[in-house]
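Report on the structure
Here's the letter readout for the chains.
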Amino acid sequence: MSSNFCCERPLYGTALSSTFPYRFQDVSNIRQVPDHQEVFVDPSRDESLIFELLELKHEVGDDGSAVWLLQDLATEQEAEGGMVIEQSGVIEAPGLCYRNIPAVVTTAVGQMAISKGRQGREAQNIVRVYLANLRLKEVGTDVLIAAYEPIHINPLSESASTVGTGLAVPATQVGCMPMAEVFKLAVSSFKVNDWNLFGPAV
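Definitions and limits used
- Residues numbered from 1 in each chain as written.
- Predicted model: local features only at pLDDT ≥ 70, side-chain atom pairs only at ≥ 80, totals over all residues.
- Heavy atoms only, no water.
- Helix = DSSP H or I, 4+ residues; strand = E, 2+ residues; numbered from the N terminus.
- Buried < 20%, exposed > 50% of the residue type's maximum accessible area, 1.4 Å probe, protein only.
- Areas by Shrake-Rupley, 256 points an atom, 1.4 Å probe, with all protein chains shown as cover.
- Arc of directions from axis to C-beta.
- Salt bridge = Lys/Arg side-chain N within 4 Å of Asp/Glu carboxyl O.
- Pairing = 2+ DSSP bridges.
- Contact = heavy atoms within 4.5 Å.
- Axes fitted to C-alpha atoms, helices over the stretch in contact; angles between N-to-C directions.
- Core = buried A, V, L, I, M, F, W, Y, C linked by side-chain atoms within 4.5 Å.

1. Here's the deal with the overall build of the protein
Helix and strand counts for the protein come out as three helices and twelve strands. Counting all 202 residues of the protein, 49% fall into the buried class. Total accessible area on the protein is roughly 10300 Å²; 51% of this is exposed by carbon and sulfur atoms.

In structure tokens:
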């Protein structure tokens, strides 16, 4: 099966879904994942795709919400040298409507130095992070979709034994869909199949 073969994947039971390459494996088959997250990884490239349900941050404006979440992510992961490369404006998502009110989507791309798991700062990899925030205001939820693409692998990182060290091999060079495209596909195909997942409307 081609590493670029894409299929719709169920999330949170079958309440949500998104389409992305089959090469991304469900991490919950290997280890425990928090209930509010769905995590998929391609271990051969150390790339990952994460879906996360968060309580809506009312104090954060729509236009800056993706950047705010990106910076929050960097703080949570004790990342260093984080910088925002680009951010989008606010886009309405008519396909994600609850009571005829569309979700609003913002995206941001950043780059930061992150350690794997419990490794220390001496083992940090340079990673590009693509992040989308889908704001489902009627159900009080921020849906975060984040895609991680390693740019430079540290020799001390636990990833080094699998993917090698130094500059990561570009996806196109090994016949894989680039992470920027994986991210766009995952965001644009994201669907809510059962709004009851979010409980009663706020």
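From this point, the narrative continues.
2. Points about helix α3 (residues 179-188)
Those residues of α3 that sit buried are Met179, Val182, Phe183, Ala186 and Val187. Projection of α3 onto a plane perpendicular to its axis shows the buried side chains occupying an angular sector of 125°, all on one side. Away from its buried face, by an angle of more than 90 degrees, α3 presents the exposed residues Lys184 and Ser188.

3. Re the pattern of salt bridges
Taken as a whole, this structure holds seven salt bridges when the rule is applied. Across the pair Asp42 and Arg23 runs a salt bridge whose closest N-O atoms are separated by 2.5 Å. Of this pair, Asp42 sits in strand β4 (residues 37-42) while Arg23 sits in the loop between β2 (16-21) and β3 (25-26); the two residues are 19 residues apart in sequence, bridging distant segments of the chain. Since its relative accessible area comes to 5%, Asp42 is described here as buried. Of the residues examined, Arg23 reaches a relative accessible area of 11% and is grouped as buried. We note a salt bridge from Arg45 to Glu47, for which the minimum N-O separation is 3.2 Å. Residue class for Arg45 comes out buried when judged on its relative accessible area of 12%. By relative accessible area, Glu47 is classed as buried at 0%. What you see here is one network of salt bridges that share partners, running through Arg23, Asp42, Arg45 and Glu47.

4. Describing the side chain of Ser48
Checked against the element boundaries, Ser48 lands in strand β5 (residues 47-55). Classification of Ser48 by relative accessible area gives buried; the value is 15%.

5. Quick look at the sheet that holds strand β1 (residues 6-11)
Across a sheet, paired strands are connected by hydrogen bonds in the backbone, their directions being either parallel or antiparallel. Within the open sheet, the three strands sit side by side as β1-β2-β12. Their pairing is antiparallel. Of all strands in the sheet, those with a lone pairing partner are β1 and β12 (191-192), marking the two edges. Sheet topology places β1 next to β2; six bridges connect them, and they run antiparallel. Paired with Pro10 across the two strands is Ser17, which belongs to β2. Strand contacts of α3: β1 and β2, with the helix running at about 155° to β2, the strand carrying the most contacts.

6. A word on the nonpolar core
Ranked by internal contacts, the top residues of the largest apolar core, which has 33 residues, are Leu49, Phe51, Leu134, Leu136, Ile145 and Phe190. Mapped by element, the contributors of at least two residues to this core are β2, β5, β7 (91-98), β8 (101-114), β9 (125-136), β10 (141-153) and α3. Sort the elements by how many residues they give to this core and α3 lands first, with five residues. Once residues lying within four places of it in the same chain are set aside, the contact partners of Leu134 are Leu96, Val104, Val105, Thr141, Asp142, Val143, Ile145, Val187 and Phe190. Counting 21 residues, the second-largest nonpolar core is a separate cluster that includes Val27, Leu69, Ala74 and Met112.

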